[in-house]
Amino acid sequence: MIIKPRVRGFICLTAHPEGCEKNVTNQIDFTKSKGEIADGPKNVLVIGASTGFGLASRIVSAFGSDSSTIGVFFEKPPMEGKPATPGWYNTVAFEKEAHAKGLYAKSINGDAFSNEIKQKTIDLIKSDLKKIDLVIYSLASPRKVHPDTQQVYNSVIKPIGKTFENKTVDFHSGTVSNVVIEPCTEEEVNNTIEVMGGDDWERWIDVLKKEDVLSPECLTVAYSYVGPEVTTPIYRNGSIGRAKDHLEQSAFKISEKLKDIDGKAYVSVNKALVTQASSAIPVIPLYISLLYKAMKEEGVHEGCIEQIYRLFETKLFSGEIPTDEKGRIRIDDWEMRPDIQEKVSQLWDKVTTENIGEIADLEGYRNDFFKLFGFGYDSIDYDVEVNELQEIPG
Ligand code: NAI
Ligand code: NA
């Protein structure tokens, strides 16, 4: 079929297999250009492995450290005349490239919150890899069906206690406007913690350990975010921030549980980037457009793959793992550099619909957004038929 972008607000309903393949091969090429990570992982489980930071983690593991990888994710397969979601095509491309290099790579598509998918993963580890030495937890989900009670929880992105009002941008039209978001209820906070907190990460590690599929000295890492002052009321001090607090606390709990096998759990605070998860959050796209401008000007801009390569090379596998006062790895260090933040904050005060084209990197934002779905590559002819019915090799 001929596949063109079909955008509805902050999501795109279509994805292009060749463009997704390009996203993956670009990330593989970057990883190869950086070279082998000394003392990197060997058998890696990535939960949330099909897009964003999780996909980058899988690519760096495989192509920067020759790792065998198992990827877990929740993606829609293609149907006749209806393309799959991007993570599906990303995985098709990833497995193809990994297998061509002689690397083990298998994937499980289903709900990571469920007991069934956890069991399936354990069965696969037992039959193939035996033990895992790195577990990356990179889920971003708006909802969770509780594995024991089947109760459904929805996460919200709202401030706590006080109405939030600030600038935001419609990144398609470039219109800057004010957004007003009413505070959430206590129940909404708890639901958001259920979905995006550390409960499921802990469940994964509990069951992996119980089934004896974790290597001695294994590591597990989950991803968090802090961000600037302008987004603090809606992000870090809001409902999602409470979930991130919980996730960060879970690292200590999990480390305690892994003590007898000398394992450790870490949270890495990553940089703000355009992903399907972040484009859905109000205010963040405007912040990212300004941040990209400032970071590109200073020559310190990174995408998911650059972030994760640097995380592996300079933090996770470089001997002593450096952390902040709260025990977190900070790979958002360049985003949070005082000169970068000062610049963003000055631009933030000035930005309007009229000047956003000049003072923000809105074009960079848009390009990244369309690339998430495989669109916007000059080397691809989007008027040509492409096979939408691609299967993950397995
Ligand atoms: P993403 O939307 O690109 O990736 C989410 C992944 O989770 C996909 O592989 C998806 O298939 C999988 N997934 C979602 N629900 C699932 C389910 N029920 N079962 C199995 N798999 C499921 O998101 P992104 O941005 O890579 O986020 C990953 C983590 O990184 C999140 O914890 C996020 O908060 C964090 N983070 C994101 C930042 C950003 O700016 N994008 C910045 C710092 C941290
Ligand atoms: Na991810």
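Refer to the structure above for everything that follows.
Residues numbered from 1 in each chain as written. Chains lettered and ligands numbered in written order. Predicted model: local features only at pLDDT ≥ 70, side-chain atom pairs only at ≥ 80, totals over all residues. Heavy atoms only, no water.

Tell me about the overall build of the chain, and name the residues and values.
Within the chain, the secondary structure is distributed over 12 helices and 13 strands. A globule of 394 residues ought to have a C-alpha radius of gyration of about 21 Å, and the chain, at 20 Å, matches this closely. Here the C-alpha coordinates of the chain stretch approximately 60 × 50 × 40 Å along the principal axes. Put simply, of all contacts in the chain between residues at least 6 apart along the chain, 77% involve residues at least 24 apart. Across the chain, 46 positive and 61 negative side-chain charges occur, with their mean positions spaced 2 Å apart. (Helix = DSSP H or I, 4+ residues; strand = E, 2+ residues; numbered from the N terminus. Rg over C-alpha atoms; globule rule 2.2 N^0.38 Å. Contact = heavy atoms within 4.5 Å. Lys, Arg positive; Asp, Glu negative; His and termini not counted. Charge placed at Lys NZ, Arg CZ, Asp CG, Glu CD.)

Can you lay out the site of ligand 1 for me, pointing to particular residues and giving the numbers?
Lining the immediate environment of ligand 1, one finds 29 residues, of which Ser50, Thr51, Ala112, Lys244 and Thr275 sit closest. Take Gly110: an N or O atom from its main chain is 3.4 Å from a nitrogen atom of ligand 1. In the environment of ligand 1, an oxygen atom lies 2.8 Å from a nitrogen or oxygen atom belonging to the side chain of Lys244. Mapped by element, the contributors of at least two residues to the shell around ligand 1 are helix H2 (52-65) and strand E11 (214-224). (Near = heavy atom within 4 Å. Polar contact = N/O pair within 3.5 Å; in protein donor to acceptor, adjacent residues only side chain to side chain.)

Before we move on, could you go through the nonpolar core and cite the residues and values that matter?
Counting 125 residues, the largest nonpolar core has Leu45, Trp201, Trp204, Leu208, Phe312 and Leu316 as its most contacted members. If we skip the residues at most four places from it in the chain, Trp201 touches Tyr137, Thr220, Val221, Ala222, Leu247, Ser250, Ala251, Ile254, Ala265, Tyr266 and Val267. (Core = buried A, V, L, I, M, F, W, Y, C linked by side-chain atoms within 4.5 Å. Buried < 20%, exposed > 50% of the residue type's maximum accessible area, 1.4 Å probe, protein only.)

Lay out the coordination of the sodium ion (ligand 2) in plain terms, naming residues and giving numbers.
Looking at the sodium ion (ligand 2), one finds its protein donor set to be Gly48 (O), Thr51 (O), Gly54 (N), Ser138 (O) and Ser138 (OG), positioned 2.8 to 3.2 Å from the metal centre. If you list the donors of the sodium ion (ligand 2) from N- to C-terminus, the spacing comes out as G-x2-T-x2-G-x83-S. Here Gly54 is found in helix H2, whereas its partner Ser138 is found in the loop between strand E6 (132-137) and strand E7 (143-145), with 84 residues between them in sequence. Classification of Gly54 by relative accessible area gives buried; the value is 0%. (Donors = N, O, S within 2.8 Å, 3.2 Å for Na, K, Ca; no water.)

How would you sum up helix H3 (residues 86-100)? Please name residues and give values.
At 3.6 residues per turn, the α-helix brings residues three or four places apart onto the same side. With 15 residues, H3 ought to run about 21 Å at 1.5 Å a step, and its terminal C-alpha atoms sit 21 Å apart, in line with that. Among all positions in H3, only Pro86, Gly87, Trp88, Tyr89, Asn90, Thr91, Val92, Ala93, Phe94, Glu95 and Ala98 are buried. Residues of H3 that are buried make contact with helix H1 (17-34), H2, strand E4 (68-73), strand E5 (105-109) and helix H12 (362-372). Two residues or fewer past H3, Gly102 is found with a positive phi of approximately 80 degrees. (Expected span 1.5 Å × (residues − 1).)

For the sheet that holds E11, give the residues involved together with the corresponding values.
Sheet strands pair via backbone hydrogen bonds, and the direction of the pair is either parallel or antiparallel. As summarised here, the arrangement of the seven strands in space is E5-E4-E3-E6-E11-E12-E13, forming an open sheet in which the pairing is parallel. A single partner strand is all that each edge strand has here, and the edge strands are E5 and strand E13 (329-330). As paired elements, E4 and E5 share five bridges and run parallel to each other. Residue pairing across strands places Thr69 opposite Ala105, the latter belonging to E5. H2 rests against strand E3 (43-47), E4, E5, E6 and E11 of the sheet, and its axis sits at about 170 degrees to E4. With respect to the sheet, helix H6 (residues 199-210) is in contact with E3, E4, E6, E11 and strand E12 (264-269), its orientation differing from that of E11 by roughly 170 degrees. (Pairing = 2+ DSSP bridges. Axes fitted to C-alpha atoms, helices over the stretch in contact; angles between N-to-C directions.)

Which residues make up the pattern of salt bridges, and what values go with them?
For the structure shown, the criterion picks out 30 salt bridges. A salt bridge links Lys96 to Glu21, with the shortest nitrogen-to-oxygen separation between them at 2.9 Å. Taken as a pair, Lys96 in helix H3 and Glu21 in helix H1 lie far apart in primary sequence, 75 residues in all. Overall, Lys96 belongs to the partly exposed group, its relative accessible area being 43%. (Salt bridge = Lys/Arg side-chain N within 4 Å of Asp/Glu carboxyl O.)

Pulling in residues and values, what's your account of the environment of Asp262?
By the element assignment, Asp262 lies in the loop between helix H7 (239-258) and E12. Residue class for Asp262 comes out exposed when judged on its relative accessible area of 55%. Distance from Asp262 to Pro216, taken between C-alpha atoms, is 5.9 Å for residues 46 residues apart in sequence. Discounting residues that sit within four places of it in the chain, Asp262 has contacts with Glu217 and Cys218.

For unusual backbone geometry, give the residues involved together with the corresponding values.
The phi torsion at Asp39 lies on the positive side, around 55 degrees, for a residue other than glycine. Here Asp39 is to be found in the loop between H1 and E3. Overall, Asp39 belongs to the exposed group, its relative accessible area being 70%.

An account of the packing of helix H8 (residues 284-297) against helix H10 (residues 338-350) is needed here, citing residue identities and associated values.
Put simply, H8 and H10 touch, their axes get as near as 9 Å, and they point 130 degrees apart. Relative to H10, the element H8 lies oblique. Viewed along their axes, H8 and H10 form a crossing whose handedness is right-handed. The segment H8 lies against H10, with Leu286, Tyr287, Leu290, Leu291, Ala294, Met295 and Glu297 engaging Ile340, Gln341, Lys343, Val344, Leu347 and Trp348. (Parallel < 35°, antiparallel > 145°, perpendicular 65-115°, else oblique. Left-handed = near helix turned anticlockwise from the far one by under 90°.)

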